[in-house]
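Remarks on the overall topology
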Amino acid sequence: MNTIFRKSMLSVAGLAFAGGVFAGPIAAHAATPAVDAKPVAVAVQSAAPKPQGEQSHITLNDEQTANVKAIIAATKKAGLPERAAVISIATSLQESKLENLGHLGDANDHDSLGLFQQRPTSGWGTPEQITNPEYSTTAFLKGLKQVDGWQDMPLTDAAQTVQVSAYPDAYAQWEQQATDLVGQHWNS
């Protein structure tokens, strides 16, 4: 009987010790008086993933710059952050070099048109809609918003999920220029 009692007491003591080890720091922290803390400024924009691979760059003409501004305006109108504009501009750099392309005859990839080389036969809109920079950007952004976690994934993965390109990694090469363009024109 004495042995059973002793084992029970040791078990209770063991539980009390274990509880003290685990709960001790929590209880000690709870007993610490509150410090008069002041809010700390935090960057609003989360750190975007770094550009992947070698980066490409082109010099833009006035029409291409106007298309950058149209993409940024459509992104803002959609209530999306700068990262969405970066992905959109990088995608357009890859697809059309930021040129609002009409039908290119034999050089055309199927019936692809506009800044994002969207196809009427794939449901992106009419040729008139697809060649409207605001419409085509809004259509791209609508697809982007349907990609879970697009904000934190590599740019090329987010763009590819929307575009379904034969060259899925090609978008990555434009990330730095797209980031620079958004930085230059977002607040202008």
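Just above, that's the structure.
Residues numbered from 1 in each chain as written. Predicted model: local features only at pLDDT ≥ 70, side-chain atom pairs only at ≥ 80, totals over all residues. Heavy atoms only, no water.

The next thing to look at is the overall build of the protein chain. Of regular secondary structure, the protein chain possesses seven helices and zero strands. Start at the N end of the protein chain and walk to the C end: the helices and strands fall as α-α-α-α-α-α-α. The proportion of buried residues among the 188 residues of the protein chain is 34%. When the accessible surface of the protein chain is split by element, carbon and sulfur atoms take 58% of a total near 11,600 Å². (Helix = DSSP H or I, 4+ residues; strand = E, 2+ residues; numbered from the N terminus. Buried < 20%, exposed > 50% of the residue type's maximum accessible area, 1.4 Å probe, protein only. Areas by Shrake-Rupley, 256 points an atom, 1.4 Å probe, with all protein chains shown as cover.)

Take the nonpolar core next. Among the nonpolar cores identified, the biggest contains 34 residues, and Ile87, Ile89, Leu144 and Trp150 are the most heavily contacted of them. When contributions to this core are tallied by element, the ones reaching two or more residues are helix 2 (62-77), helix 3 (82-96), helix 5 (133-145), helix 6 (155-163) and helix 7 (175-185). Residue contributions to this core peak at seven residues, all from helix 3. Not counting residues up to four positions away in its chain, the partners in contact with Trp150 are Leu80, Pro81, Arg83, Ala84, Ile87, Leu144, Lys145 and Ala158. (Core = buried A, V, L, I, M, F, W, Y, C linked by side-chain atoms within 4.5 Å. Contact = heavy atoms within 4.5 Å.)

Right, let's get into the side chain of Ser96. If you trace the backbone, Ser96 turns up in helix 3. In this structure the side chain of Ser96 is engaged in a polar contact, spanning 2.8 Å, whose partner is the backbone oxygen of Leu115. Contacts of Ser96, omitting those with residues within four sequence positions, involve Leu101, Gly114 and Leu115. (Polar contact = N/O pair within 3.5 Å; in protein donor to acceptor, adjacent residues only side chain to side chain.)

With that settled, consider unusual backbone geometry. With a phi close to 50 degrees, Gln117 is a non-glycine residue in the positive phi region. By the element assignment, Gln117 lies in the loop between helix 3 and helix 4 (127-130). Phi at Val164 takes a positive value of approximately 55 degrees, unusual for a residue other than glycine. In this structure, Val164 sits in the loop between helix 6 and helix 7.

What follows is about the packing of aromatic side chains. Applying the stated criterion across every chain yields a total of one aromatic pair. Considering the side-chain rings of Phe116 and Phe140, the 5.0 Å spacing of their centres and the 10 degrees angle between planes classify their relative orientation as stacked. With Phe116 in the loop between helix 3 and helix 4 and Phe140 in helix 5, this residue pair connects regions lying 24 residues apart in the sequence. Owing to a relative accessible area of 0%, Phe140 belongs among the buried residues under this scheme. (Phe/Tyr/Trp six-rings, centres within 6.5 Å; stacked < 30°, edge-to-face > 60°.)

Across the nine residues of helix 6, seven count as buried, placing the element largely inside the fold. Within helix 6 the residues assigned to the buried category are Leu155, Thr156, Ala158, Ala159, Gln160, Val162 and Gln163. Those residues of helix 6 that are buried are in contact with helix 3, helix 5 and helix 7. Looking one or two places after helix 6, you find Val164, whose phi comes out positive at around 55 degrees.

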